[in-house]
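# Coordinate inspection notes
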Amino acid sequence: MTRLSRMLMAVTAALCLLAGISSLPAADDTELRVSVKRAIQRAQEYLISQQLPDGSWSGERAGANAIVVLALSNSGLDARHPTIQNGLKYLRHVEPPDNTYDLALMIMALAAVKDGQRDGGLIFRLAEILEASQKNSGGWHYTANGGGWDNSCTQYALLGLREAAQVAGYQVDRGTWRKARDHWLQEQVGSRESVTGAGWTYGEGRSGPTGSMTVAGIGSLAIIDSFLEEDPPDGELDCCGGSDEDDVQQALEAGVRWMGSRFRVRDNPGGGNWLLYYLYGLERAGRLSGRRFFGDHDWYREGAGFLVKKQSPATGAWQDGSAIAQDDNVSTSFALLFLSKGLAPVLINKLKFGPRNPATGEPLSDDWNRHPNDVRNLVGFISGRKRWPSLLTWQVVDFDKAIHEEGVQALLQAPVQLLSGAEAPDSIQGEQIDLLREYIAQGGFLLAIENCEGGGFDAGFRELVKRMFPTGEFRLRKLPDTHDVYRTEFLIDENPPELWGVDFGCRTAIIYAPFDHSCRWDHWMASDSSGRSPQLKAAIGRSMKIGTNIVAYATNREVHDKLDGPEAIATEEEDEASGRGTIRLAQLRHTGGWDTARNAARHLLDALEKKVGLRPTSRIANLPATDPRLFDYPLLYMHGRQNFSYSIAEREQLKKHLENGGLLFADACCGAKAFDTAFRRLIEQMFGRELERIPVDNELFHSEWGYDIRQVERRLPRDERSGSVLDTELSVGEPILEGLVINGRLAVIYSKYDLSCALQRQATSACAGYTTEDATRIAVNIVLYSFLQKLETTSN
């Protein structure tokens with residue numbers, strides 16, 4: 001351990017004692033994520049170890065083998081892994097079964113693995129058998145020849161047909177979906193108007209609803225609803241058909257209330273056993289219906305917390321005793337599917353808002369959800385595209401509950417919030433305005449869509465933006481046709497759809513579409529889409545593309561799993577109230593966009609707190625270079641996008657500070673060439689020499705006190721021409737940091753590639769710089785390096 005490292009550890013410990021704290025406790029999600037990741041790895045190892053020489057796990061049932069392949073694939077095991085390849089080889093040579101579970105699970109497994117093999121023909125044959133075995137009642141039983149139906153077989157049949165349609169392009173007859181819809185509606189038990197909801201039983205003659213069958217009903221109705229959107233016979237969509245709930249939505253919501261009033265993860269409500277089967281169904285119901293909560297229960301966090309404790313410490317398996325074939329491989333697959341699929345990144349929050357019913361607390365109308373399948377379909381369209389994860393999810397966020405329970409952290413669960421409707425969003429006032437403004441300041445992105453063009457939403461949303469930013473500093477402006485949003489994923493250069501936006505920091509942080517793209521997203525999965533007119537196909541395709549572009553622009557394709565989302569940064573008021581402070585930081589003012597990424601420094605301080613356990617400062621000073629207080633701050637921070645220059649007086653005082661122990665940390669926002677040129681000119685004017693590349697063997701890049709940043713990810717736009725798709729190259733290599741040495745120490749550390757916009761979570765595809773994770777690690781190392789230099793100077 002170096003002398004500097006020992007000094008840092010000693011000083012940090014002393015400061016923690018003085019502050020009355022030992023360290024900042026790890027967030028619950030952080031601890032749970034570590035446990036979930038380890039549980040997934042151990043479950044994979046167990047299932048790999050159980051495979052037989054012929055590639056199967058059980059010689060009895062194709063479905064029992066398929067579900068293991070499905071679980072391993074969905075949990076991230078590479079498609080080329082020998083276990084998956086051998087499992088697929090076995091499935092590809094099995095005679096098509098006549099059992100509903102086997103057929104459905106084989107389809108799901110074959111559809112899940114992207115290994116370059118073309119299984120479309122096999123999936124088609126299996127889907128044809130599966131669809132033909134539907135009963136007249138609309139349900140399915142174990143076999144085509146068997147009598148009756150049960151809801152367990154029915155839900156798996158629908159899961160298989162969904163995958164066949166989405167992945168292989170199999171056209172499920174519209175009558176099949178209609179019969180299945182009527183089946184679930186007819187078999188629901190209880191009143192749909194009841195505050196405690198209505199559920200589903202296993203089948204005919206069963207006494208009462210169970211958790212496993214109610215989540216089956218919720219998931220099945222969500223699937224059916226997405227395929228039964230009606231395409232108009234004249235090719236013109238009716239996007240103003242009203243927002244009243246139809247029977248499917250009413251039944252689905254009643255099922256959600258049933259689960260919310262009886263939610264448990266330790267047993268199957270109303271059913272006792274079949275626990276792991278039930279939990280996998282719970283994952284599907286939550287994900288497909290866009291629910292984070294059932295009642296007040298966060299289904300994934302509660303379920304994951306339970307499962308990681310119940311995993312066998314000896315083998316990594318889970319035991320149920322009531323699964324298909326009573327097989328630990330199947331039980332473990334159920335648990336693995338819950339943990340891995342439920343962990344998928346949440347891409348979009350759909351905001352539930354509007355005037356409330358005092359009795360129920362629910363919105364008086366469903367204007368916020370006029371097109372129930374819009375976000376589900378858009379996220380499904382994006383999932384698995386090049387450079388996107390294979391599975392992305394979405395969820396509904398109740399705006400009122402977010403304010404009173406989690407605040408901005410509820411919105412930060414997703415990088416994009418969708419606000420849509422036909423009526424003016426006048427109910428968004430006061431605390432809700434503050435919450436939206438804080439979310440944007442924290443690096444979030446708001447997408448607003450006008451439904452049913454010509455209503456009150458357009459004028460209402462424009463007023464909402466004014467209420468969010470009453471000083472007029474941030475205004476809604478029409479985006480030019482050259483804006484990056486029109487070429488982030490698809491090139492949309494011919495009559496691009498009208499978009500408006502609010503520029504905040506490093507990017508456009510609010511985008512508004514005065515056109516009902518949501519309506520087109522809602523119809524993307526319609527089952528009779530093969531008969532669409534070319535005009536309707538083009539319209540829906542165009543809306544899917546602009547939606548994808550907006551999300552790609554907003555996220556830069558940097559998404560995180562459900563337990564790894566960003567945490568809200570502390571405000572200056574919270575810092576001052578806590579009395580915390582050890583390192584003092586000042587940000588230099590200049591005329592080249594000194595506050596472009598106005599919250600970057602606060603994000604950096606939060607990251608530093610996580611690294612060393614103590615927040616380094618209570619306030620970030622924003623100072624001109626001539627301010628005499630400059631010498632009170634050993635670390636100076638600077639960024640920008642435009643050209644700037646300092647006067648002789650500013651240069652002289654800054655130079656004096658750097659020659660007397662100060663350190664200047666700077667970067668060019670999004671690699672801005674104008675700022676880069678101006679900054680290099682400033683250094684030459686002050687010191688008469690140029691910046692030099694800092695070698696990677698400097699302790700700044702690798703030491704006991706910081707992160708190892710010798711290899712990082714850097715993003716460079718390949719083609720900045722406006723007439724082409726914005727192509728970005730993400731490369732791994734040494735960070736390019738330059739510096740100036742004064743009296744044997746680094747007095748200037750500069751990155752010509754972006755750090756600040758990434759720190760603010762606002763880097764876009766056109767932003768030349770480092771990923772958010774690596775930008776944070778680089779910046780933390782620079783701050784710690786500055787702190788150590790100051791400690792060494794003081795000790796001498």
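Residues numbered from 1 in each chain as written. Predicted model: local features only at pLDDT ≥ 70, side-chain atom pairs only at ≥ 80, totals over all residues. Heavy atoms only, no water.

### As for the overall build of the protein
Counting its secondary structure elements, the protein contains 26 helices and 19 strands. Counting only residues that meet the buried cut, the protein has 59% of its 796 residues in that class. Looking at the protein alone, contacts between residues at least 24 apart form 76% of all its contacts between residues at least 6 apart. Accessible surface, the protein: about 31,400 Å² in total, of which carbon and sulfur atoms supply 47%. (Helix = DSSP H or I, 4+ residues; strand = E, 2+ residues; numbered from the N terminus. Buried < 20%, exposed > 50% of the residue type's maximum accessible area, 1.4 Å probe, protein only. Contact = heavy atoms within 4.5 Å. Areas by Shrake-Rupley, 256 points an atom, 1.4 Å probe, with all protein chains shown as cover.)

### Structural notes on the pattern of salt bridges
On inspection of all chains with the given rule, the structure shows 34 salt bridges. Residue Asp-627 pairs with Arg-629 through a salt bridge whose shortest N-O separation is 2.9 Å. Each of Asp-29, Arg-292, Asp-298, Arg-301 and Glu-406 takes part in a single network of salt bridges with overlapping partners. (Salt bridge = Lys/Arg side-chain N within 4 Å of Asp/Glu carboxyl O.)

### Remarks on unusual backbone geometry
For Asn-495, which is not glycine, the phi dihedral falls at a positive 50°. In this structure, Asn-495 sits in the loop between strand 7 (477–478) and strand 8 (500–504). For Cys-670, which is not a glycine, the phi torsion comes out positive at approximately 55°. With respect to the helices and strands, the residue Cys-670 is situated in the loop between strand 13 (663–668) and helix 24 (673–687). You can call Cys-670 buried: its relative accessible area is 10%.

### What about the confidence of the model for the protein?
Residues at a pLDDT of 70 or more form 89% of the protein, whose mean pLDDT is 88. Within the model, pLDDT remains below 50 along residues 573–581, and this stretch shows 17 contacts once partners closer than five positions in the same chain are excluded. (pLDDT = per-residue confidence, 0-100.)

### Considering the sheet that holds strand 17 (residues 738–742)
Taken together, the seven strands give an open sheet; going across it, the order is 11-10-12-13-18-17-14, and neighbouring strands pair in mixed fashion. Looking at the sheet topology across the chains shown, the edges are occupied by strand 11 (620–623) and strand 14 (692–693). The sheet contact formed by strand 17 and strand 18 (residues 745–751) spans five bridges and is antiparallel. Residue pairing across strands places Leu-740 opposite Val-748, the latter belonging to strand 18. Each of strand 10 (585–588), strand 12 (635–640), strand 13, strand 17 and strand 18 is contacted by helix 23 (residues 648–659), which is oriented at about 125° to strand 18, the strand it contacts most. (Pairing = 2+ DSSP bridges. Axes fitted to C-alpha atoms, helices over the stretch in contact; angles between N-to-C directions.)

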